[in-house]
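Descriptive structure summary
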Amino acid sequence: MKKICKIAVLAGLTLLYVAGCGRNEDNLISENETDLNASQDVTKNETEKASTSSDEQTEFPPFYESVSESGKVTFQCTIEVPEDFNVQNVHQWMVDGRHLVDQEKAYAAYVDGGEIAEEHNNILDDGVEENIYIFEDGSHVSIGKGFTFTSKDDSCYLNIGVIDSDKIEIFSSDQVSFASSEDCINQIDEIVKTIGYELVELNYQAYPIAHQTLQSIEEDYISEGLLNESQKKDEWTDVDDAYVIYAYQECGSLPVFHELMSLGSSFAYDSADNAPVQAVYSARGLEQLNIYYLYDFSETEELLTLASFDIIADVVLEKYEDILNDATYEITSAKFYMYVCINEDQEYEATPVWYFEVIENGTSRSGTLVDAVSGKEIYLG
């Protein structure tokens, strides 16, 4: 466009010179300035339009709809990105390594002074020491790369599988009164920071689990043979009311798709049971806490150029369109993540990605991961 404008200016000047013999010099200069200003305005307008078009191509709509020509693949897709996310300011991040629990702080908070019944010490493959403590009251602590705590009463929650994404709908109408979800999240966050994770950015979520629902699930499990009568809790009361609390790490405002999620299948789902921080907090206090797969990140100056969402969506559409079967596929959501993996050199690396949830024939659920920069599929599993 700039070349066209320059040619127009030169042509205008030539015509003015030929037709303007006998005009005074001041008039010629005045007309030339007018033409130049007009050309500059056109160039400015075209540049602004191009800039706007570029911005629009890299902005992500809240919802995306599309259908393949055959009708095999349908997008009815909610797009999830952070509210403060700026597509023009996405930096390359480095993964400096796993962020490990502070073993001394964890020991002081959860082991020191306790009545230890059993102690097991191991050295893991990478040289990290792992210490497991079983206490007289039946509670348990594991301190290694991550951290695990289970109380003496945790078995009633563990047997039912309260941190199971399939059960969230069952608990969706539950209400508990011993504390608010915000209060319990704050309690968990304080514990997590106390044992060495104070610099890790975490985004917490919670849902209540009422003792009446827990008792009903337990009865169903026993009748279905999933639990033995000997595992039945003597009595369910208000003190068993609790919250399931979980958190995903954030890197540059993006949720982190940690390395275990790369196994694919149900491990890739954005759910409580895949979160790197999982906890149960009841009216009695902390019942369960698991922390694993958290990382140390550092931001570089390198800016990344993201592919447009249309390009990314086409990769997903073509993948499922090319499957030789009679199935139909509906893409229901796309979420923007920072993907962490171990590369061919056995080093950690981070890449922004899109994770798509796909429903096959209206029932079966799966996922597809696409590099947000290159537009290439990242294969899970």
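Residues numbered from 1 in each chain as written. Predicted model: local features only at pLDDT ≥ 70, side-chain atom pairs only at ≥ 80, totals over all residues. Heavy atoms only, no water.

1. Comments concerning the overall build of the chain
Here is the rule we go by: Secondary structure counts use DSSP, requiring at least four H or I residues in a row for a helix and at least two E residues in a row for a strand, with both numbered from the N terminus. Should any heavy atoms of two residues lie within 4.5 Å, those residues are considered in contact. Areas reported here follow the Shrake-Rupley algorithm with a probe of radius 1.4 Å; residue values treat only the protein chains shown as occluding.
Of the regular secondary structure elements, the chain holds 8 helices and 17 strands. Excluding contacts between residues fewer than 6 apart, the proportion of contacts in the chain whose partners are at least 24 apart in sequence is 68%. Approximately 20900 Å² of the chain is accessible, and the part contributed by carbon and sulfur atoms is 46%.

2. Description of the confidence of the model for the chain
The cut-off we apply is this: Every residue is assigned a pLDDT by the predictor, reflecting its confidence on a scale from 0 to 100.
For the chain, per-residue confidence averages 85 on the pLDDT scale, and 84% of positions sit at 70 or higher. Low pLDDT (under 50) marks residues 1-58, which in the prediction has 22 contacts with non-local residues, meaning those over four places away or in another chain.

3. Thoughts on the nonpolar core
Note the cut-off: What makes a nonpolar core is a set of buried Ala, Val, Leu, Ile, Met, Phe, Trp, Tyr and Cys residues whose side-chain atoms join them at distances within 4.5 Å. Accessible area is worked out with a 1.4 Å probe on protein chains only. A residue is then buried under 20% of its type maximum, exposed over 50%, and partly exposed in between.
Grouped together as the largest cluster of nonpolar side chains are 38 residues, with contacts concentrated most on Phe75, Phe297, Phe309, Trp354 and Phe356. Elements with a minimum of two residues in this core: strand E2 (73-80), strand E3 (91-98), strand E10 (254-257), strand E13 (295-303), helix H8 (309-321), strand E14 (329-342) and strand E15 (348-360). Membership of the second largest hydrophobic core comes to 32 residues, among which are Ile160, Ile222, Trp236 and Phe257.

4. Focus: the packing of aromatic side chains
For clarity, the threshold we go by: In summary, the pairing rule links any two rings of Phe, Tyr or Trp, Trp by its six-membered ring, whose centres are within 6.5 Å, and it sorts them by plane angle into stacked for under 30 degrees, edge-to-face for over 60 and tilted for everything else.
Following the criterion strictly, the structure yields 23 aromatic pairs and no others. Here Tyr110 and Phe147 contribute two aromatic rings whose centre-to-centre distance is 5.4 Å and whose plane-to-plane angle is 55°, an arrangement assigned as tilted. Note that Tyr110 is positioned in helix H3 (residues 103-110) and Phe147 in strand E7 (residues 147-150), a separation of 37 residues in sequence. Ring geometry for Phe257 versus Tyr337: centroids 5.2 Å apart, planes at 80°, classification edge-to-face. Placement of the pair is Phe257 in strand E10 and Tyr337 in strand E14, with a sequence separation of 80 residues.

5. Some points on the environment of Tyr207
To keep it simple, the criterion reads: Two N or O atoms form a polar contact when they lie within 3.5 Å of each other; inside protein one atom must be a possible hydrogen donor and the other a possible acceptor, and for residues adjacent in sequence the pair counts only when both atoms belong to side chains.
If you trace the backbone, Tyr207 turns up in strand E8 (residues 202-209). Separated by 26 residues in sequence, Tyr207 and Ser181 place their C-alpha atoms 7.3 Å apart. Discounting chain neighbours no more than four positions away, the residues touching Tyr207 are Val162, Ile163, Asp164, Ile168, Phe171, Ala242, Tyr243, Val244, Tyr246 and Ala272. At 2.7 Å, the side chain of Tyr207 forms a polar contact with the backbone oxygen of Val162.

6. Quick look at the side chain of His99
Structurally, His99 is set in the loop between E3 and H3. A distance of 2.8 Å separates a polar side-chain atom of His99 from the backbone oxygen of Gly196. Setting aside residues up to four positions removed in sequence, His99 forms contacts with Lys145, Gly196, Tyr197, Val200, Leu294, Tyr295 and Asp296.

7. Regarding a negative patch on the surface
Worth spelling out the cut-off: Note on patches: the residues involved have over 30% relative accessible area and no salt bridge, like charges join within 9 Å, and the nonpolar side chains Val, Leu, Ile, Met, Phe, Trp and Tyr join within 5 Å. Salt bridges are counted wherever a side-chain nitrogen of Lys or Arg sits within 4 Å of a carboxyl oxygen of Asp or Glu. In this charge count, Lys and Arg are treated as positive and Asp and Glu as negative; neither His nor the chain ends contribute. Charged side chains are reduced to one point each, which is NZ for Lys, CZ for Arg, CG for Asp and CD for Glu.
Residues Asp310, Asp314, Glu318 and Asp322 make up a contiguous surface patch of negative charge. Structurally, Asp310 is set in helix H8.

8. Here's the deal with the environment of Ile378
In this structure, Ile378 sits in strand E17 (residues 377-378). Judged by its relative accessible area of 17%, Ile378 falls in the buried class. Distance in space between the C-alpha atoms of Ile378 and Tyr355 is 9.8 Å, their sequence separation being 23 residues. In this view, Ile378 contacts Tyr339, Val353, Leu369, Val370 and Asp371; residues no more than four positions away in its chain are not counted.

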